[in-house]
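The lines below spell out each chain.
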Amino acid sequence: MSIEKEIEKTKEKLRETPVNKSTETERGRLKAKIARLKEKKEQKEKESQASGQGYAVKQRGDATVSLVGPPSVGKSTLLNSLTNADSEVAGYEFTTLEVVPGMMDYKGANIQILDVPGLISGAAEDRGGGKQVLSVVRSSDMVVLVTDIEKMEMVEEMEEELYQNGVRLNKEPPDMDVFERGEGGIEISTTKDVNLDEETMEKVLRDHGFVNCKVVVREDVTLDEFIDGLMNNRVYMPGVVCLNKTDDMDEGELERLKNDNEDWIFVSAEEHENLEEFKERLWKGLGLMRVYMKERGKEPDKDEPLIVCEGSTVEEVMDELSKDFTGELSYAKVWGESAKFPGQKVGEDHELKDEDILELRF
Ligand SMILES: Nc1nc2c(ncn2[C@@H]2O[C@H](COP(=O)(O)OP(=O)(O)OP(=O)(O)O)[C@@H](O)[C@H]2O)c(=O)[nH]1
Ligand SMILES: [Mg+2]
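Predicted, not measured: the structure shown is a model, and the values here were computed from it.

Calculation notes
Residues numbered from 1 in each chain as written. Chains lettered and ligands numbered in written order. Predicted model: local features only at pLDDT ≥ 70, side-chain atom pairs only at ≥ 80, totals over all residues. Helix = DSSP H or I, 4+ residues; strand = E, 2+ residues; numbered from the N terminus. Buried ≥ 20, exposed ≤ 12 C-beta atoms within 10 Å, placed from the backbone. Contact = placed C-beta atoms within 7 Å. Core = buried A, V, L, I, M, F, W, Y, C linked by C-beta atoms within 7 Å. Domains from an automatic or database assignment. Pairing = 2+ DSSP bridges. Axes fitted to C-alpha atoms, helices over the stretch in contact; angles between N-to-C directions. Right-handed = clockwise from strand over helix to strand, strands pointing away. Arc of directions from axis to C-beta.

Participant: Any chance you could explain the overall build of the chain here in plain terms?
Facilitator: Helix and strand counts for the chain stand at 11 helices and 16 strands. Within the span of the chain, comprising 362 residues, buried residues form 30% of the whole. Residue pairs in contact within the chain that sit at least 24 positions apart in sequence constitute 63% of those at least 6 positions apart.

What follows is the structure, encoded as C-alpha cells:
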C-alpha cells in the first residue's frame, strides 16, 4: 500500500472511531500514526528530490531494488544480466559513477534495479557522492549487498555504513509509540516483557529533546531499538548479500562459504548462474504477489497480473484499481489458494494469496 493510501485509510478509521473516554487511546494512536505517515511521506519526497547529478533516478515499476557494493565486484554485470539496462562493465575500479537503472520483468512485475556505486566510506570519498547514494538506497524497497570472494570483508562494512545512516535491514520497526503533548512531562508505559528500565528511557527521551510526551512500549526493545523508535528518519527494508563470480571459485571453497552463510545468494552474473534463484529471492524479499483480474464469463488475463503486497485484501486490491471503478461493490468472487472452493464469494476484508483470480462486480 502506498503511504498516501495508508494515510487515507488511517484518517478514515479515525473518522469512524467515536469520540469518548474509552476510545481516547485508540484515537491518539491513530492520530500519531497519521502524523508519522505524513512525516515519512515528506521524507520520501525530500529524498527523491535530493538528486545531484547522475542521481536523478525516478522511482518506476512495482518496486525498486538497490545493488550496492565495492568497486569491481560485478554490480554492472549483474544489472545487465538481470535487466534491459546496458551499464558499462570494466576491469578497473570505479567504472560506474552514477546510478544506473534497469527494469527487470519477473512474474509479470516490473522491478526496477539500481546499480548504485560507491557507498562504502573509504570508497565513497565523495567521488560517488556518498550522501546522494545513501538517499537512493534509503528510498528503495530492498537492498542487495554485492561482493565477491576478494572483498567479502566489505559486507560488514557496508552493513555498518547503512546502519549508521538509518537503514535497518531485515528488521521490523519497534512496537512503540510516542505521543507528544503540551504538558504533563514524560510518562512511560510498558508491557510486562520490556526489560529496558524506565530511568534509562527517560534519560534518552530528554537527551533527544522530549519534554512532554507519553511513550508506549509494547515489546522488549534494546536501547538502540528504543532510540530508533524515537527517530523518524529510520527506514526498514529487506536486504540480502549476493556473492558474485562463483564461476571463478574453487568448488570446495564455494561449498564451505555456502554452509557458513546460508542466507546469502551465490551467483555468477557473467555466466548467468543462479540468476533465477536470485530473482526469486528479490521477489520473496519484496513481499509481492500476483492477482489476476477477471471479468464475468471470461478467462483472466494471466499475462498481466496486478502486483500487490503479500496478504493484500480485496479492499486493498480495489484501492489499487480505484481509478477504474465507481459505485458500490456488489460482490467479489475468488478462485485459487485463498478460496474455500472455486468462485467463492468473499467480503472486502478477504485476504488474497499469490496467483488468486478475482472477479469484482459493481
Ligand atoms: N569471473 C567473473 N567475472 C565477473 C563476473 N561479473 C563481473 N565480472 C568481471 O568483474 C569486473 C568488474 O565488473 P563490473 O560489472 O564492471 O563491476 P562493478 O561492480 O560494476 O564495478 P564498478 O562500477 O567499478 O563499481 C569485470 O572485468 C567483469 O567482467 C562474474 O560473474 N564472473
Ligand atoms: Mg559498475
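Participant: Even after reading the chapter, I still don't get the nonpolar core, so can you show me in this structure?
Facilitator: In summary, soluble globular proteins display a tendency toward joint burial of nonpolar side chains. Residues Leu67, Val68, Val116, Val137 and Cys242 are the most contacted members of the largest nonpolar core, which totals 55 residues. Counting contributing residues, this core receives three or more from each of domain 1 (63–171 + 236–286) and domain 3 (288–361). Apart from the residues lying within four places of it in its own chain, the contact partners of Val137 are Ser66, Val68, Val116, Leu119, Val143, Leu162 and Val167. Met176, Val215, Val217 and Val221 belong to the second largest nonpolar core, which has six residues in total.

Participant: What should I look at first to understand the sheet that holds strand 14 (residues 331–335) in this one?
Facilitator: Strand pairs in the sheet, formed through backbone hydrogen bonds, run parallel or antiparallel to each other. Across the sheet, five strands lie side by side as 13-12-16-14-15; this open sheet has mixed pairing. In this open sheet, the two strands that pair with only one neighbour each are strand 13 (306–309) and strand 15 (344–346). Strand-to-strand twist across the sheet, computed as the mean angle between neighbouring axes with direction ignored, equals 40°. With five bridges connecting them, strand 14 and strand 16 (residues 356–361) associate as antiparallel partners. Bridge pairing in strand 16 places Val334 opposite Leu358. Along the sheet, helix 11 (residues 314–321) makes contact with strand 12 (288–294), strand 13, strand 14, strand 15 and strand 16, crossing strand 13 at roughly 125°.

Participant: Mind showing me how you'd approach the pairing of strand 10 (residues 239–244) here?
Facilitator: Regular strands have side chains that alternate between both faces of the sheet. The buried fraction of strand 10 amounts to six of the six residues, a majority that puts the element mostly inside the structure. Neither face of strand 10 is exposed, since Gly239, Val241 and Leu243 on one face and Val240, Cys242 and Asn244 on the opposite face are all buried. Inspection of the sheet shows strand 4 (residues 142–148) paired to strand 10 by six bridges, in the parallel sense. Counterpart to Thr147 in the pairing with strand 10 is Leu243. Regarding the hand of the β-α-β motif, the stretch spanning strand 10, helix 9 (residues 251–260) and strand 11 (residues 265–266) is right-handed.

Participant: Can you walk me through the environment of Glu187 in this structure?
Facilitator: Its place among the elements puts Glu187 in strand 7 (residues 186–190). With 24 residues separating them along the chain, Glu187 and Val211 place their C-alpha atoms 9.9 Å apart.

Participant: I'm lost on the sheet that holds strand 7 in this one. Help?
Facilitator: Read across the open sheet, the three strands follow the order 6-8-7; overall the sheet is mixed. The two strands at the open ends of the sheet, each matched to only one other strand, are strand 6 (176–180) and strand 7. Taken over all neighbouring pairs, the strand axes of this sheet differ in orientation by 10° on average, direction set aside. Along the sheet face, helix 7 (residues 198–207) touches strand 7 and strand 8 (213–217) and points at about 135° away from the line of strand 7.

Participant: Teacher, can you tell me more about helix 6 (residues 154–164) here?
Facilitator: Along an α-helix, a turn takes 3.6 residues, which lines up residues three or four apart on a common side. Regarding helix 6, the residues found buried are Met154, Met158, Glu161 and Leu162. Seen along its axis, helix 6 keeps its buried residues to an arc of 95°; they face one direction. Exposed residues pointing more than 90 degrees away from the buried face of helix 6 are listed as Glu156, Glu160, Tyr163 and Gln164. Gly166, located one to two residues past helix 6, shows a positive phi value of around 80°.

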